[in-house]
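Now for the letters of each chain:
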Amino acid sequence: MGDRPRHRQQTRRGEGLSPLTERLVEEAIPVLTGEPLAAHTGLRVGGPADLLVRPRTAAETARTLLSAAEEGATVLVMGRGTNLLVGDGGFRGLVLLVGEGFEEDGVRLHGTSCTTAAGVRLHELIERAADSGLSGLEELYGIPGSVGGALAMNAGAYGVEIWSRVEWVELALPSGELRRCRGSDIAHGYRRADLPAGSAVVRAEFCLADGDPREIKGRARERLADRKAKHPLEFPNCGSVFKNFCAVPGADLDYERLVSALGEGYSRRALEMNGSLTLPAWRLVDACGLTGEKLGGAQISTKHSNFMVNLGGARAADFAGLIELARRRVFETFGVRLETEVRLTGEFL
Ligand SMILES: Cc1cc2nc3c(=O)[nH]c(=O)nc-3n(C[C@H](O)[C@H](O)[C@H](O)COP(=O)(O)OP(=O)(O)OC[C@H]3O[C@@H](n4cnc5c(N)ncnc54)[C@H](O)[C@@H]3O)c2cc1C
């Protein structure tokens, strides 16, 4: 992820170039063919993309989306790939890599507002805000990835979700337009934001609050230290693999087993009294005896059972196999159907 891809700009029309490639070349948009996506994902797995564009401006992002739409190409918008599992067969279509930043667009502060390009790293945004005594996002410090990816995923931690601070987002659309939407106009929930289909976030403005820079930085440092203590950051990983499960009354779960594995707080009675119960995915996976389970070069982390790590030489298929195993065992044991938080995309061989 750290290395910027070298753009082999194709300047001539020639045999073998797809109509979309020709069109991008005509528009002077640098395009790579066959770029291995493992170089752009946190897990360090993923086969080649047919085409990869790293747009230099918001306008170029919109033009690329328009060209792809008109040529009927499937598009994957990528940030910094920290929450993606891309298949070993790669991606058939165009990868739009927004997460490595535009040429000239960073973080701008004005009053208590903060405007940023989608490719800025979330930690950079938080540091810049903290330096200026702006508070509101520091609980998210240490979440890797880009601002655009954080918005697409509604990244959250320690009770704060990024959308709680969004004033507006600017979207590049497959129609070729750039459109600004108020934060309140985009529905969002646990690890999801309902962005218009096929759109890419290119900019956002956050509404923050005045605070003391030292206190803000202190809180950010505490969160980072907590993450370092809990997460297996020494290995390539993709953060939480599964979403925590929200059980609602009437859910057909094995409450006896839940209570015996997780404790009294997870009984049917507790669920009915609370109206809902959050079952932490890591506890469910761990209770199935899967902590430390390996497949090829992939492992369910021994440090945090909702993380999977690349011990070296893992393939996407290894991670997909472990995900399948964990989902099956958790369902057989507790009746809980875990959903992945990590987004699976591309061709799995
Ligand atoms: C060690 C570790 C800890 C983590 N901790 C947390 C945590 O505490 N809380 C949390 O919520 N997440 C956490 N994550 C997950 C991840 O970091 C976030 O989801 C991150 O915000 C994703 O950003 P990204 O740029 O890497 O997006 P990517 O992984 O590149 O993409 C993720 C999704 O967002 C879409 N997307 C990316 N950029 C854009 C864009 N500009 N416009 C439209 N769609 C876009 C992609 O299509 C994809 O569906 C963690 C991950 C790791 C590795």
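Residues numbered from 1 in each chain as written. Predicted model: local features only at pLDDT ≥ 70, side-chain atom pairs only at ≥ 80, totals over all residues. Heavy atoms only, no water.

Concerning the overall build of the chain
Then step 1. Helix and strand counts for the chain stand at 9 helices and 22 strands.
Then step 2. In terms of overall size, the chain behaves like a compact globule, its C-alpha atoms giving a radius of gyration of 21 Å where 349 residues would be expected to give roughly 20 Å.
Then step 3. Projected onto the principal axes, the alpha-carbon positions of the chain cover approximately 65 × 50 × 35 Å.
Then step 4. Here the chain, with 349 residues, has 51% of them falling under the buried criterion.
Then step 5. When contacts within the chain are restricted to residue pairs at least 6 apart in sequence, long-range pairs at least 24 apart make up 66% of them.
Then step 6. Roughly 15,700 Å² of accessible area belongs to the chain as shown, and the carbon and sulfur atoms make up 47% of that amount.
Then step 7. The distance from the centre of the 43 positive side-chain charges to the centre of the 46 negative ones in the chain is 2 Å. (Helix = DSSP H or I, 4+ residues; strand = E, 2+ residues; numbered from the N terminus. Rg over C-alpha atoms; globule rule 2.2 N^0.38 Å. Buried < 20%, exposed > 50% of the residue type's maximum accessible area, 1.4 Å probe, protein only. Contact = heavy atoms within 4.5 Å. Areas by Shrake-Rupley, 256 points an atom, 1.4 Å probe, with all protein chains shown as cover. Lys, Arg positive; Asp, Glu negative; His and termini not counted. Charge placed at Lys NZ, Arg CZ, Asp CG, Glu CD.)

A word on empty space enclosed by the protein
Then step 1. Evaluated as defined, the whole model comprises 1 cavity of 30 Å³ or more.
Then step 2. In this structure, the largest cavity spans a volume of roughly 30 Å³.
Then step 3. Surrounding the largest cavity, Leu43, Leu85, Cys238, Val241, Met308, Phe319, Ile323 and Val342 form its lining.
Then step 4. Of the residues belonging to the lining of the largest cavity, the class tally is 8 nonpolar, no polar and no charged. (1 Å grid on protein atoms, 1.4 Å probe; cavity = no way out; pocket = protein on both sides within 12 Å on 5 of 7 lines; lining within 4 Å. Points joined across faces, edges and corners; volume = space filled by probe spheres on them. Nonpolar A, V, L, I, M, F, W, Y, C, P; charged D, E, K, R; others polar.)

Details of helix H2 (residues 58-70)
One turn of the α-helix equals 3.6 residues, which is why residues spaced by three or four share an orientation.
Then step 1. Spanning 13 residues, H2 covers 19 Å between terminal C-alpha atoms, matching the ideal 18 Å at 1.5 Å per step.
Then step 2. All of the buried residues along H2 are Ala58, Glu60, Thr61, Ala62, Thr64, Leu65, Ser67 and Ala68.
Then step 3. Glycine 72 lies just past H2 and shows a positive phi near 70°. (Expected span 1.5 Å × (residues − 1).)

Observations regarding the state of the cysteines
Then step 1. Taken as a whole and judged by the stated rule, the model has 0 disulfides.
Then step 2. For cysteine 246, which is in no disulfide, the shortest distance to another cysteine sulfur is to cysteine 288 and amounts to 19 Å. (Disulfide = S-S within 2.5 Å.)

Here's the deal with the sheet that holds strand S5 (residues 91-97)
Sheets are built from strands paired through backbone hydrogen bonds, the pairs being either parallel or antiparallel.
Then step 1. Taken together, the 4 strands give an open sheet; going across it, the order is S1-S2-S5-S3, and neighbouring strands pair in mixed fashion. Looking at strand neighbours, the two that pair on one side only are strand S1 (32-36) and strand S3 (75-78), the edges of this open sheet. Averaged over all pairs of adjacent strands, the angle between their axes in this sheet comes to 40°, without regard to strand direction.
Then step 2. Taken together, the 4 bridges between strand S2 (residues 48-53) and S5 define a ladder with parallel strand orientation. When the sheet's bridge partners are listed, valine 53 is paired in S5 with leucine 96.
Then step 3. Strand contacts of H2: S2, S3 and S5, with the helix running at about 165° to S5, the strand carrying the most contacts. (Pairing = 2+ DSSP bridges. Axes fitted to C-alpha atoms, helices over the stretch in contact; angles between N-to-C directions.)

Digging into the domain arrangement of the chain
Then step 1. The domain architecture assigned to the chain consists of domain 1 (19-100), domain 2 (107-230) and domain 3 (245-345).
Then step 2. Using C-alpha coordinates to define each centre, domain 2 is positioned 28 Å away from domain 3.
Then step 3. In this complex, domain 2 contributes 7 residues to the contact, which on the side of domain 3 involves 4 residues.
Then step 4. The contact between domain 2 and domain 3 buries some 450 Å² in all, and 45% of this surface belongs to carbon and sulfur atoms.
Then step 5. Of all residues in domain 2, Met153, Arg191 and Lys230 give up the largest surface area on contact with domain 3, accounting jointly for 71% of the area buried on that side.
Then step 6. Taken together, domain 2 and domain 3 are joined by 1 salt bridge.
Then step 7. With a shortest N-O distance of 3.4 Å, glutamate 341 and arginine 191 are connected by a salt bridge.
Then step 8. Where domain 2 touches domain 3, the interface holds 2 residue pairs in polar contact (both at pLDDT 80 or more). (Domains from an automatic or database assignment. Buried area = accessible area lost by both parts, 1.4 Å probe. Salt bridge = Lys/Arg side-chain N within 4 Å of Asp/Glu carboxyl O. Polar contact = N/O pair within 3.5 Å; in protein donor to acceptor, adjacent residues only side chain to side chain.)

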